[in-house]
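# Structure assessment
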Amino acid sequence: MTATSEENGKQKPYDLGAHERALFEAWKDAGYFQRGEGFGPDAGRSYTIVIPPPNVTGVLHMGHALNDTIQDACIRHARMRGFRTRWILGTDHAGIATQTKVDKHLAAQGISRREIGREAFIAACQEWRLEYGTTIVNQIAAMGCSCDYADEQFTMSPEFSAAVRKLFCDWYHDGIIYRGKRIVNWCPSCTTAIADDEAEYEDEKGHLWHLRYPLTEPVEGMEYLVVATTRPETMLGDTGVAVNPSDERYKALVGKTVKLPLVDREIPIIADFYVDASFGTGAVKVTPAHDPNDFAMGERAGLPKINVFDESAHVVDGYGKFSGMSREEARETVVAAFEELGLLDHVDDHDHSVMHCYRCHTTLEPWLSEQWFVAVDSLKGPAAEAVRSGEITFHPARWGQVYLDWLENLKDWCISRQLWWGHRIPMYYCDECGWQDASVDEVEICPNCEAQVRQDEDVLDTWFSSQLWPFATQGWGAFGNEAPDLQRYYPTQVLSTARDIMGLWVARMVMASEYCTGRIPFRDVIIHPTVMGADGKPMSKSRGNGVDPLRLMEDFGADGMRFGLLMQVTGAQAMRFDEQKIEGARNFANKIRNAARFVMMHLDGYEAGAPEPRTVADRWIFSRLSHLVAQVDRCFENYEFGEMTRALYGFFWNEFCDWYIEFSKSRLGDDADPADRAACQRNLLFVLESALKLLHPIMPFITEEIYQELPEKGAPMIIVAPWPDAAELSRFEDEAAERTIEMVCSVVGAIRSARSRYGLSPRTLLCACVKTADAADGETLQAHRSFIVHLGNLEKLEVGTALEKPAESVVALGPGLEVYTVLAGHVDFSEERARMEKEEAKLAADAAKLEKKLSNEGFLAKADPAIIEKDRAKLAELTDKLQRMRAQLAEIG
RNA sequence: GGUCGCGUGGCGCAGCGGGAGCGCAGGUGCCUUACAAGCACAAGGUCGGGGGUUCAAAUCCCUCCGCGACCACCA
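Residues numbered from 1 in each chain as written. Chains lettered and ligands numbered in written order. Predicted model: local features only at pLDDT ≥ 70, side-chain atom pairs only at ≥ 80, totals over all residues. Heavy atoms only, no water.

Further remarks concern the protein's contact with RNA strand B. Around RNA strand B, a shell composed of 54 residues is seen, among which Phe279, Asn293, Arg499, Arg586 and Lys862 lie nearest. For RNA strand B, the backbone portion of the atoms within 4 Å of the protein, that is sugar and phosphate, comes to 58%. Interatomic distance of 2.3 Å between a side-chain N/O atom of Asn293 and a phosphate oxygen of RNA strand B. In the model, a base nitrogen of RNA strand B is placed 3.4 Å from a nitrogen or oxygen of the Ala595 main chain. Of the residues forming the surface near RNA strand B, the biggest block, ten residues, is contributed by helix α16 (residues 579-600). Classifying every residue of the surface near RNA strand B by side-chain character gives 17 nonpolar, 16 polar and 21 charged. (Near = heavy atom within 4 Å. Polar contact = N/O pair within 3.5 Å; in protein donor to acceptor, adjacent residues only side chain to side chain. Helix = DSSP H or I, 4+ residues; strand = E, 2+ residues; numbered from the N terminus. Nonpolar A, V, L, I, M, F, W, Y, C, P; charged D, E, K, R; others polar.)

Following this line, the structure appears as structure tokens:
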């Protein structure tokens, strides 16, 4: 929907890797992409998403890649939760974008649009659409997006056209659509009106010309009035000069007239509060036909509106030598003429912003013309209320205010475009009797006098049809609110989009939906951050900082790109694209594959059964899994995708792989207890399968691929496998187990650290002993000695409360325990001493800081007792550790 | 002009009132039979400047500086 112009080159469709393509086809063939029936307790609830329809001639860019990943994650999550899901896919005809492209294409063959005429041109557009329209849909498929490909929509399909005509007629008959002669932003190159939102401002260096306008009759000795303007050429259409009514300098002049030079027109001097007395000379030339503010002043003062430019911005007939000149020529000539007449007072440099066409970048001309408008006053109230009442929620929430501000400042919307590619305005006119009406059906004969009628030549703004997207895609045009799909799948749940079309599209959908269906179009609006280039600037061709998502998929896989993109999502308004993150995600996918391989290759003698925590390691990983599920659920609820990916990554890599799989190794060997091995196998599978499910919305391909290899599975494919139940898993939460594993890990870490400090190979077998202050801790460690022996690569491990420090050993202090690693012959005691002194100093400093805090009366009086208690415990631990460290130091002398 | 976002170790970011974290890059040691797209260990920051609120501030408020977006627009 946001414009991407890939110049007429045909984009090579992304070639899915063999695995990805096969999985995609399997999902599609099984019908999982189509309107789902749902399952489980939520089967009655619908979850619909409409894709922001990309331009039919567009190609996938990073914005789409991010946005479509977000939507696919949401819809896959909902599908696994058992909702009736539907992700509506389709493309936008993109009036001006497509027309420009086809125009260029024809021009390259020496064909002009005007020569071949409207019908032939539209046929050319259709041809173009058929040729290129599948490109972006295939690219979306390559990403693995689970859209309803079997029911692809198009904003100019017959069904959609019927909806567009219906709304136009309804609004016309309700008096919401009206025709008027107004100033519009006119593109002289595209020769069409452009909506305010479609105009782009660019700062330009310009001049402020000070022109003398001779008074018709001198007033109080004044012969002339000096006006300041940035656009001298428009003076040909001046019909007045305005000053501020409270401006003392000009009070005597109000009501008098000046003789407009060059055209010799006598025009009045009027007073209007719009004029800023402090700017320029305080006197403004008024050109109602070529400036929106002048138009307004002209209306107030009843000035005539004289159009001096034609549709291509050349001076119209009747202006002598100026006629036929372009804007630029006319400017030079007018200024020269003033200079010649001695009426050019002076010229200042002046920077100002100038409107340009968002399509072709031609400078826009404010131009008076007959156009169709939508009166927004009656529409904006309900649209604002929907957000104010919380019926529609923005994520992040602050965008709600931006939305409301946009509505607040909304002015009537110019919907007519002087293009050919688009929905032709369904207005019919009888030139014989003057009959005119809007009609849903085609009209050929005047119902009044039976003469031939003609249809309006203009087409509608593309956004006019886009605003119907959530419901016109569901049968509203043909069946109104009774449409079966509408009843089942409306309102939609989530709309995810970029912020630049918040007003243009989001707000208009709300207004249209409230009017047409009486309901909101969606409940949650996700405004995702803008993907910036590596330099922090918006991606653009001219900057050359763009990244092609197709290339990313080739290099890192669709899963890698998806996960890597979501990892970078923050609540901020922009994200700086970092390809290293995509690479990291690819590595993560590889890690998942390898972990799965490990689990699968240790299934000898596997027997199916329920997961059952048997060891503390089991209890620990189950507890961690339970927390993870709850966290991922929370992230989905709040649409926090960055946090979600970080949580999944951390769990899978740093907990499941780094520790749980390592713990498992000693339980899976030939000499292991068969009952424990069986439990371990089941538990590994259980955690793996759960993690795969949690990862599936983001990494659909690899998770499905592995799921298919699992020895048993609860669903034919993971895409419809039931989502892990946080409430059910919460019974596994086990703080004691988490603490125990923390202790075990810290002992292993102490041994590894000692080994590494002295440059010993991890293969060197060592002896260690752990002295605990608490007998229970000793027993716990004893119970897990195989883990410690295994991960610490020990040949001997002693645990006890009354152990002596072994000779030739180094020490590490933990809470209530001392880990001695024997490094016979390797220890450098001076180095060891230095290290321990450094640690002692740190402990002393930390303890002192805490002591100071705990002796602060204000703190004791006002702080949360739980905090105080925590700090006291912390201090006790630090003090204890400090004493033991000092004892250790004394011992080594 | 208005509104909003961002300034945290070399880089990209998380944390948003009570112990400064993650990823990448860089360092050291390892091809430990799931994974070198890997493993282990270690190093690295007075959280943009200043002021305020608080027992307590990276976290809240004000202000300044720097970067950026959006909306409006001055003839």
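Bringing the nonpolar core into the picture now. Formed by 197 residues in total, the largest nonpolar core has its most connected members in Phe168, Phe464 and Phe656. Top contributing element to this core by residue count: helix α18 (residues 641-668), with 13 residues. With residues up to four places along the chain from it excluded, the contact list for Phe168 reads Ile177, Trp372, Ile415, Ile425, Pro426, Met427, Ala438, Leu460 and Phe464. Of all hydrophobic cores here, the second largest spans 36 residues; its members include Tyr213, Leu215, Leu236 and Met325. (Core = buried A, V, L, I, M, F, W, Y, C linked by side-chain atoms within 4.5 Å. Buried < 20%, exposed > 50% of the residue type's maximum accessible area, 1.4 Å probe, protein only. Contact = heavy atoms within 4.5 Å.)

This part is about the sheet that holds strand β19 (residues 436-438). Spatially, β19-β18-β20 is the arrangement adopted by the three strands of the open sheet, whose pairing is antiparallel. Two strands lie at the open edges of the sheet, namely β19 and β20 (454-455), each paired on one side alone. In the sheet, strand β18 (residues 427-429) pairs with β20 via two bridges, with the strands oriented antiparallel. Paired with Tyr429 across the bridge in β20 is Arg454. Across the sheet, helix α5 (residues 158-173) lies against β18, β19 and β20, angled at about 125 degrees from β19, the strand it touches most. (Pairing = 2+ DSSP bridges. Axes fitted to C-alpha atoms, helices over the stretch in contact; angles between N-to-C directions.)

This brings us to a negative patch on the surface. Negative charge collects at one region of the surface, where Glu200, Glu202, Asp203 and Glu204 lie side by side. Relative to the helices and strands, Glu202 is located in strand β7 (residues 199-219). (Patch = residues over 30% accessible without salt bridge, like charges linked within 9 Å, V, L, I, M, F, W, Y side chains within 5 Å. Areas by Shrake-Rupley, 256 points an atom, 1.4 Å probe, with all protein chains shown as cover. Salt bridge = Lys/Arg side-chain N within 4 Å of Asp/Glu carboxyl O. Lys, Arg positive; Asp, Glu negative; His and termini not counted. Charge placed at Lys NZ, Arg CZ, Asp CG, Glu CD.)

The residue Arg562 is located in helix α15 (residues 549-567) in this model. In contact with Arg562, not counting residues within four places along its chain, are Thr69, Asp72, Ala73, Arg76, Met143, Gly144, Cys145, Pro697, Ile698 and Pro700.

Following both chains from N to C, one finds helix α8 (residues 377-388) and helix α14 (residues 502-516) inclined at 105 degrees, their axes separated by 9 Å at the closest point. One element, α8, and the other, α14, form an angle in the roughly perpendicular class. Between α8 and α14, the residues in contact are Leu379, Lys380, Pro382, Ala383 and Ala386 and Val510, Met511, Glu514 and Tyr515, respectively. (Parallel < 35°, antiparallel > 145°, perpendicular 65-115°, else oblique.)

This paragraph deals with the sheet that holds strand β29 (residues 817-822). In spatial order, the strands read β27-β26-β29-β28; together these four strands make up an open sheet with mixed pairing. In this open sheet, the two edge strands, each paired with only one partner strand, are β27 (794-800) and β28 (809-814). The average undirected angle you get between the axes of adjacent strands in this sheet is 15 degrees.

What follows concerns the packing of aromatic side chains. Applying the stated rule across the entire model yields 38 aromatic pairs. Taken together, a centroid distance of 5.6 Å and an interplanar angle of 55 degrees make the contact between Phe33 and Tyr149 tilted. Of this pair, Phe33 sits in the loop between α1 (18-29) and β1 (46-50) while Tyr149 is found in the loop between α4 (113-142) and β4 (153-154), placing the two residues 116 residues apart along the sequence. Accessibility expressed as a relative area gives 13% for Tyr149, which makes it buried. Plain terms: the ring middles of Phe663 and Phe787 are 4.5 Å apart, the flat faces sit at 35 degrees to each other, and that makes the pair tilted. Residue Phe663 is located in helix α18, and its partner Phe787 is located in helix α24 (residues 785-792); the two are separated by 124 residues in the primary sequence. Exposure class is identical for Phe663 and Phe787. Each is buried. Across from the ring centre of Trp27, 4.3 Å away, lies the NZ or CZ of Arg76, which sits over that ring. Of note, Lys166 hangs over the ring of Trp476, and the distance from its end group to the ring centre comes to 4.9 Å. (Phe/Tyr/Trp six-rings, centres within 6.5 Å; stacked < 30°, edge-to-face > 60°. Lys NZ or Arg CZ within 6 Å of the ring centre and 35° of its normal.)

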